Amino acid sequence: GKLTWLDPRVASGQAIPGFPVWTCKTVGGTTMHWTASCPRLQEHEFKARSTYGEIAGANLVDWPLDLQELAPYYSLAEDRMGVTGTHDIPRLPGNNNYKVLEAGARKVGYTEINTNNVAINSEARDGRAACLQIGFCTSGCVIQAKWSTLYTEMPAAEKTGHFELRPESMVVAIKHDKQGRASEVHYLNGDGELKKQKLRAVCVAGNAVETSRLLLNSASNRFPGGLANSSDQVGRNYMRHFIAGVVGEMPGSVNIHRGAHQAGIVKDESGHNPERGFAGGILMLT
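Residues numbered from 1 in each chain as written. Predicted model: local features only at pLDDT ≥ 70, side-chain atom pairs only at ≥ 80, totals over all residues. Heavy atoms only, no water.

## Considerations on the layout of surface pockets
Alright, step 1. Roughly 1,700 Å³ of volume is contained in the second largest pocket.
Alright, step 2. Taken together, 39 residues form the lining of the second largest pocket, with Arg166, Ser169, Met170, Val171 and Ala205 sitting closest to its centre.
Alright, step 3. Sorting the residues of the lining of the second largest pocket by element identifies strand E2 (170-176), strand E3 (182-188), strand E4 (194-198) and helix H5 (207-217) as the ones contributing at least two each.
Alright, step 4. Ranked by the residues each element gives to the lining of the second largest pocket, the list is headed by H5, at five residues.
Alright, step 5. Split by residue class, the lining of the second largest pocket holds 19 nonpolar, 13 polar and seven charged. (1 Å grid on protein atoms, 1.4 Å probe; cavity = no way out; pocket = protein on both sides within 12 Å on 5 of 7 lines; lining within 4 Å. Points joined across faces, edges and corners; volume = space filled by probe spheres on them. Helix = DSSP H or I, 4+ residues; strand = E, 2+ residues; numbered from the N terminus. Nonpolar A, V, L, I, M, F, W, Y, C, P; charged D, E, K, R; others polar.)

Following this line, the structure appears as structure tokens:
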């Protein structure tokens, strides 16, 4: 019931009432709900302002780093999560849904087509089974083939004997000492009771919306705009993926429910081509 969090939210700009942002109130967080798709940013996407120029209504900037600098960290993450198509890890086999996409894409001349780089085991790895193509990836993964902190980092942490999990709890504020260093978190437990936990360090990893909420809600006299917000940009410039969906009726049975939830990708249109009349590129997924 909490895999798509539909609790009331407050926002400005083009916020659609009741529209989910796919953050999850679950042990494992959004890694329980994600499709495990792991494409890397492209080189030009690090230089959005330089590449796309001035765009009305947007606030584009160039990143302070480039793909070459980030690549080693991409590689570490891909190896840790077992991303297919990297580190000699085979890609997932194509299900019927993918085969329909591939046939149509090749017919119109596309060539960059595969079952994508996904953090789903194509073969047994890291003590977890290979994907059985069950098809309900966004509801968790019953055989733990999809990488999620619920199946990987947390069990490993529990084995150390130095880890305590407090489920059904939600942090509402981070407090700090006189030096401005994090010293305490306030959270609500499953019964709605406010609890306090002293600490020496805190890791904020709540995805874009929830990280912003927590930092802004942690405002103090010393940090009136919220924590880590000297730029006044926390909570601003949020943008969802722009999605256009197409459904087709096939002459025969496709069994779209079988196979990885995100079964394939076409990358031929992913580059920036201003002749198309818009900035950025398109990934076609099935």
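## Describing the packing of aromatic side chains
Alright, step 1. Scanning the model with the defined rule gives two aromatic pairs in all.
Alright, step 2. Measuring from ring centre to ring centre gives 4.9 Å for Phe46 and Trp63, while their planes differ by 75°; the resulting arrangement is edge-to-face. Note that Phe46 is positioned in the segment before helix H1 (48-52) and Trp63 in the loop between H1 and helix H2 (67-81), a separation of 17 residues in sequence. (Phe/Tyr/Trp six-rings, centres within 6.5 Å; stacked < 30°, edge-to-face > 60°.)

## So, a nonpolar patch on the surface
Alright, step 1. Taken together, the side chains of Leu132, Ile134, Phe136 and Val142 define a hydrophobic patch exposed on the protein surface, amounting to about 450 Å² of accessible area.
Alright, step 2. Structurally, Phe136 can be placed in the loop between strand E1 (113-114) and helix H4 (153-160).
Alright, step 3. Accessibility expressed as a relative area gives 55% for Phe136, which makes it exposed. (Patch = residues over 30% accessible without salt bridge, like charges linked within 9 Å, V, L, I, M, F, W, Y side chains within 5 Å. Areas by Shrake-Rupley, 256 points an atom, 1.4 Å probe, with all protein chains shown as cover. Salt bridge = Lys/Arg side-chain N within 4 Å of Asp/Glu carboxyl O. Buried < 20%, exposed > 50% of the residue type's maximum accessible area, 1.4 Å probe, protein only.)

## Thoughts on the environment of Leu216
Alright, step 1. Relative to the assigned elements, Leu216 resides in helix H5.
Alright, step 2. On the accessibility criterion, Leu216 (35% relative accessible area) is partly exposed.
Alright, step 3. Separated by 99 residues in sequence, Leu216 and Asn117 have C-alpha atoms that sit 34 Å apart.
Alright, step 4. With residues near it in sequence (within four places) discarded, Leu216 still touches Gly225, Gly226, Asn229 and Val234. (Contact = heavy atoms within 4.5 Å.)

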